[in-house]
Every structure is written in C-alpha cells, then in structure tokens.
Amino acid sequence: MTGQPLSDRFQYKTADALRRKAEALGVDLPFENDLRILLEPADVGGRRVPNRLAAQPMEGCDGTPDGAPGDLTTRRYERIASGGSGLIWFEATSIAADGRANPRQLFLSADTAPAFRRLVDLTREAARRRFGNRHEPYLVVQLTHSGRFSRTAGEGRRKATCFNPHVDREPLPAWTDEELDGVRETFVYAARLAADAGFDAVDIKACHGYLVHELLGAHTRANSRYGGPFEHRTRLLMDIVSAVRTQVPGLTVAVRLNATDGVPYPYGFGVSSDAGGAIDLAEPRRLARMLADAGCALLNISAGLPTFVPHLGRPFDRPVAGTAPAPEHPLVGVARLLGLGAAIQSEVPAVPVVATGLSWLRQFWPPVAAGLLTRGMAGFAGLGRGAFAYPDAAADLMARGVLDQTKCCIACSRCTELMRTGSTAGCAVRDHPLYASLHRAAMASARSVP
Ligand SMILES: Cc1cc2nc3c(=O)[nH]c(=O)nc-3n(C[C@H](O)[C@H](O)[C@H](O)COP(=O)(O)O)c2cc1C
C-alpha cells in the first residue's frame, strides 16, 4: 500500500462520484437514497430511542481538576442534544482518579456525581426545548480505566497487564489479579453512580488500548486468571458486565468493542495468530455472542489504537502533525471499519450495533448510513468527529433531508492535535473562533517545546 497522494483527497461533488471511487478502489459501500430509516425510532433495552443517529463518544478534555463536567463539557452535550441525535454516547469517563488519560478527563466519583446529574438534566432539557417531550435522547456514558495510558497515575505508577513492545518503551509494572478484581468492583460502583445520575446505560469501554481492552489481547500474561486463553482474557469484561447487570438492575449495559487492533499477534485482539496484524474476527465474533447472552443490549464497534494505527479507527485526510500519512486511501479505511461493525452485527442480529467510521464521508454519510441500516449491517449510524463539527446534523436531516456541506467534518485531525497537545478538544474548523484559536495556541506552544 502506498501513502495517500494529495490529489486523492476528498473531492467528490456527488454521492455517485463517491460510489464510483469506492468501486474503483474495489471496496464495498452500501448506498441508499431513501434516508427515512435514519429518522425512525429504535428500541434499546426496552426504551424508545427517537432516531437511529448516534453521537459517538468524543473526549473534550475539559473537565474540572476533580473530574466533574466543565462549562465546555456542558456546552458540547447541549449542542449535541439540541442537534437532534437520538443516541448520545458520552465520552470516556474514568472510574478511578489514577486511571484518567489526561488531567481533565471526566471522572465519575461520589464527589462529582451531582455534577453529572446536572449534566444529564441539562442535556435532556436542551433536547426537550428544541424538539418537545416526545424526543427523549438515549444517554449512554462510557466508563473506562486508561490502564497503561493513565496520565494521572503519578510518576512511575503506571501499570500494564502485560508488556506490549508495540506501545511500551519499556516493561511497566504489572497489575496483579487481585488488583484487577478490585477494578471490577470499581466499575460496578461507577455504574451505580451513573444510574443515579440518570444515564440510561453504561458502556464498559473495551477498545483503543485502555485497561479492559488491553486484557483482550493479553496472550502473554502468564499464570493469571486474566491472561492467556480466550476465557481468561475476556474475564474482566464479562465479569464487569455480569456484575453490573445483577447489581445495578434497570441500568442497560453497552460495550464499545475493538473488532481488531492492528497490533500483531501475540499482542493484539482480533488479529490472526499466523499473519502479523491481519484481521481475524473469530474471537471478536465469539465475544459479541457472549456479551449478547450476558444481556449486553447495545454494541459499538471500533478498531485500532489511536497512537499506533490511527488510520484503522479514524480514517483521515491530513495526519496529526508530525505523524505518518495513512498507508491507504481513507475510503478503504471507512469501508473496513463499517464492515467490521457489519460483521459483528451479523453475529448478534438482536443487539443493535452502532456503526463507526462515517465522518470522513462528509455530506454523503447519510446515504451510506441508510444503506447500512436498510441492509441490517448496523442498528445506529455513529458520528464521532462529525459530532464535534456538525452537532445539529440530525436536525438538518429532519428539517431538510440533506446535510450542509459547509458544516461537515473534513477529517483534518485538528481535534486530535488539540487533545494530544494537552488542550481542550473540539472542532477547530467548524466550531471557531473558540477551537481555532485554541488550536493555534496549542500548535505554537508544541512547536516551541525543544
Ligand atoms: C478528539 C477525539 C476524541 C475521542 N474520544 C473518544 C472517547 O472518549 N471514547 C471513544 O471510544 N472514542 C473516542 N474517539 C473516537 C471516536 O469516537 C470515533 O470512533 C472516531 O473518531 C471514528 O469515528 P468518526 O469517523 O465518526 O470520527 C475520539 C476521537 C477523537 C478524534
């Protein structure tokens, strides 16, 4: 595969032109002109969801030092809620003070729970003000422990479940099994707080290299109830799901799951044991069935590790400054990511899957999303960077049936640059001047660091 030539960047004037490009690249993308299915209600865990459009979890890194939602956090969810998404998947929220990926990551604790309650109320109120009482968005909060990527663990106290030479510069201290038992209990505690705060569901985050996901690929963790064979590597996730189901009745359990990591065996999940990092969905399919049997009512399928193989999980036109261009045309990445979701959806037809990977398609994501839903390849259409850029895309679809091209995400990676440079994150292109000036300042100070 070769790097993406500049002339090959997004330049499609019509959905048909995009379809022809997909054909030329030999990738399969479903297109459906009738978009009505996107605005039809759905059912999750016995609760009505007003439409099939989902705002994906997107960290703004704008919590208070103790982890409560800050003003920009509230602004983000009010904008998304008044923008009409039926399903709002709140960003990565730590279950532990020392498990935060950055010092401004949200942290759900007894101290911050009242602030989360206010956030939920304000989010629901924003939706009601715009659409009335019948439009009540479904609110999921993503619970996480950042594991080896914890930036609040304190110098020398970050731990890993096993060494991974693709992401660790040197071996980190190892979690003991007893400590991982404790993590299970902390997830249950946070889930209870989330239920009390008014969320409809919790996501036990199992993607992007964070703690619960890290274990899924812990083939080399020896002499442990949490490493080695499949049953051991999936134990923490399955135990948390079961414990939340029994100990927090009435709360729906969701999982955002990596279908493949792109990290070569024996350090990744969903990769072939005999061909480096090639995709092998046997274990992810099996895990999806186990989750469905355990009562998980909603799945969200992602891929890759953001710092190791960013093109797998968020196809882009412009890479993060100082990093390599994608080794493939972004449309290949979009089709792969949507295809991974579809593969898992076919395994568990009764559990709706949120499709990931639509933002790069700009104003043409609705026909592709409608194609996915019509063919049963997903239950919801998820927008990540698109939700930062264009939080009212759903409202525009409801009102006019088309998107405004000038409001769409352009896959420029500036939101990721904001996050990586320690700033608060948002769309520097469509949500300016706020995030454009933050981005300028963040990049200038990053350049001035020797
Ligand atoms: C700035 C930024 C923050 C993100 N935060 C989260 C997060 O909190 N949790 C998560 O699971 N994924 C997170 N993601 C990944 C997105 O949810 C999504 O999977 C990815 O952007 C691909 O979808 P898209 O093409 O619609 O953007 C983040 C991505 C970016 C760029």
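What you are looking at is a predicted structure, and each value in this text was computed from that prediction instead of being measured.

1. A short note on the overall build of the chain
Working step 1: When you go through the chain residue by residue, the secondary structure sums to 15 helices and 11 strands.
Working step 2: For 450 residues, the compact-globule estimate of 2.2 N^0.38 gives 22 Å, and the C-alpha radius of gyration of the chain, at 20 Å, lies within 12% of that figure.
Working step 3: Judged by the C-alpha coordinates and their principal axes, the chain covers about 55 × 50 × 50 Å.
Working step 4: Burial analysis of the chain (450 residues in total) assigns 60% to the buried set.
Working step 5: When contacts within the chain are restricted to residue pairs at least 6 apart in sequence, long-range pairs at least 24 apart make up 72% of them.
Working step 6: As displayed, the chain has an accessible area near 17400 Å², and 51% of this comes from carbon and sulfur atoms.
Working step 7: On the chain, the mean spot of the 52 positive side-chain charges and the mean spot of the 46 negative ones are 5 Å from each other.

2. Some details on the nonpolar core
Working step 1: Formed by 71 residues in total, the largest nonpolar core has its most connected members in Ile204, Val244, Val255 and Leu299.
Working step 2: When residues no more than four places from it in sequence are discounted, the contact partners of Leu299 are Val255, Ala288, Leu291, Ile344, Val348, Val351, Pro352, Val353 and Val354.
Working step 3: Formed by 47 residues, the second largest nonpolar core is a distinct cluster that contains Trp360, Leu383, Ala389 and Ala393.

3. Here's the deal with the pattern of salt bridges
Working step 1: Tallied over the full model, the rule gives 28 salt bridges.
Working step 2: Measuring nitrogen to oxygen at the nearest pair gives 2.7 Å for the salt bridge that ties Asp177 to Arg221. On the criterion of sequence distance, the pair formed by Asp177 in helix H4 (residues 177-197) and Arg221 in the loop between helix H5 (211-216) and helix H6 (230-233) is long-range, its members being 44 residues apart.
Working step 3: One salt bridge in this structure joins Asp317 and Arg362, with 2.7 Å as the shortest N-O distance. Linking Asp317 in the loop between helix H9 (310-313) and helix H10 (330-347) with Arg362 in the loop between strand S10 (353-355) and helix H11 (365-374), this pair joins segments that are 45 residues apart in sequence.
Working step 4: Accessibility expressed as a relative area gives 8% for Arg362, which makes it buried.
Working step 5: One continuous salt-bridge network, built from bridges that share partners, spans Arg47, Arg124, Glu136 and Asp200.

4. Notes on the site of the ligand
Working step 1: Close to the ligand lie 22 residues, the nearest being Pro57, Gln142, Ser359, Gly384 and Arg385.
Working step 2: At a separation of 3.1 Å, an oxygen atom of the ligand approaches a polar backbone atom of Ala92.
Working step 3: At 2.7 Å, a side-chain N or O of Arg385 approaches an oxygen atom of the ligand.
Working step 4: Relative to its unbound accessible surface of 620 Å², the ligand loses 98% to contact with the protein.
Working step 5: Counting residues per element, the ones that place at least two in the shell around the ligand are strand S4 (87-94) and helix H14 (414-420).
Working step 6: Along the lines of polarity and charge, the residues of the shell around the ligand split into seven nonpolar, nine polar and six charged.

5. Quick look at empty space enclosed by the protein
Taking a probe equal in size to a water molecule and rolling it over the atoms shows the remaining empty space.
Working step 1: Summed over all chains, the structure comprises seven cavities of 30 Å³ or more.
Working step 2: One number sums up the size of the largest cavity: a volume of about 130 Å³.
Working step 3: Contributing to the lining of the largest cavity are 17 residues, with Arg148, Asn164, Glu214, Asp261 and Tyr267 lying nearest its centre.
Working step 4: For the lining of the largest cavity, the per-class residue count stands at nine nonpolar, five polar and three charged.

6. What to know about the packing of helix H3 (residues 113-131) against H4
Working step 1: Running from amino to carboxyl end, H3 crosses H4 at an angle of 45°, the nearest separation of the two axes being 8 Å. Judged by the inter-axis angle, H3 sits oblique to H4. Two packed elements cross with a definite hand, and for H3 against H4 that hand is right-handed. For the pair H3 and H4, contact is made by Ala113, Phe116, Arg117 and Val120 and by Leu193, Asp196 and Ala197, respectively.
Working step 2: Counted by class, the contact of H3 with H4 contains five nonpolar, no polar and two charged residues.

7. Things to note about the pairing of strand S8 (residues 252-260)
Working step 1: Where burial is concerned, most of S8 is hidden: nine out of the nine residues are buried.
Working step 2: Direction of pairing for strand S7 (residues 201-204) relative to S8: parallel, over a ladder of three bridges. Note that in S8 the partner of Ala201 across the bridge is Thr252.
Working step 3: Summarising the sheet, S8 and strand S9 (residues 298-303) pair through six bridges and their orientation is parallel. Paired with Thr260 across the bridge in S9 is Ala303.

8. A few points about the side chain of Glu328
Working step 1: Of note, Glu328 is situated in the loop between H9 and H10.
Working step 2: Judged by relative accessible area, Glu328 falls into the buried class, the value being 5%.
Working step 3: At 2.5 Å, the side chain of Glu328 forms a polar contact with the side chain of Arg336.

9. A few points about the packing of aromatic side chains
Working step 1: Following the criterion strictly, the structure yields six aromatic pairs and no others.
Working step 2: Arranged with centres 6.4 Å apart and planes meeting at 20°, the rings of Phe10 and Phe364 form a pair that is stacked. One end of the pair, Phe10, is in the segment before helix H1 (15-25); the other, Phe364, is in the loop between S10 and H11, with 354 residues separating them in the sequence. The same class applies to Phe10 as to Phe364, namely buried.
Working step 3: With a centroid separation of 5.1 Å and 80° between ring planes, the pair formed by Phe90 and Phe199 is classed as edge-to-face. Taken together, the residues span a long stretch of sequence, with Phe90 in strand S4 and Phe199 in the loop between H4 and S7 at a distance of 109 residues.
Working step 4: Note on Phe90: relative accessible area 2%, which makes it buried.
Working step 5: Overall, Phe199 belongs to the buried group, its relative accessible area being 5%.

10. Examining unusual backbone geometry
Where the residue is not glycine, phi is negative for most of them; where a peptide bond is considered, it is trans in most cases.
Working step 1: Residues Tyr265 and Pro266 are joined by a peptide bond in cis, for which omega reads 10°.
Working step 2: Here Pro266 shows up in the loop between S8 and helix H8 (282-293).
Working step 3: Of note, the bond from His432 into Pro433 is cis; its omega dihedral lies within 30 degrees of zero at 10°.
Working step 4: For Pro433, the position within the fold is in the loop between H14 and helix H15 (434-448).

Calculation criteria
- Residues numbered from 1 in each chain as written.
- Predicted model: local features only at pLDDT ≥ 70, side-chain atom pairs only at ≥ 80, totals over all residues.
- Heavy atoms only, no water.
- Helix = DSSP H or I, 4+ residues; strand = E, 2+ residues; numbered from the N terminus.
- Rg over C-alpha atoms; globule rule 2.2 N^0.38 Å.
- Buried < 20%, exposed > 50% of the residue type's maximum accessible area, 1.4 Å probe, protein only.
- Contact = heavy atoms within 4.5 Å.
- Areas by Shrake-Rupley, 256 points an atom, 1.4 Å probe, with all protein chains shown as cover.
- Lys, Arg positive; Asp, Glu negative; His and termini not counted.
- Charge placed at Lys NZ, Arg CZ, Asp CG, Glu CD.
- Core = buried A, V, L, I, M, F, W, Y, C linked by side-chain atoms within 4.5 Å.
- Salt bridge = Lys/Arg side-chain N within 4 Å of Asp/Glu carboxyl O.
- Near = heavy atom within 4 Å.
- Polar contact = N/O pair within 3.5 Å; in protein donor to acceptor, adjacent residues only side chain to side chain.
- Nonpolar A, V, L, I, M, F, W, Y, C, P; charged D, E, K, R; others polar.
- 1 Å grid on protein atoms, 1.4 Å probe; cavity = no way out; pocket = protein on both sides within 12 Å on 5 of 7 lines; lining within 4 Å.
- Points joined across faces, edges and corners; volume = space filled by probe spheres on them.
- Axes fitted to C-alpha atoms, helices over the stretch in contact; angles between N-to-C directions.
- Parallel < 35°, antiparallel > 145°, perpendicular 65-115°, else oblique.
- Left-handed = near helix turned anticlockwise from the far one by under 90°.
- Pairing = 2+ DSSP bridges.
- Phe/Tyr/Trp six-rings, centres within 6.5 Å; stacked < 30°, edge-to-face > 60°.

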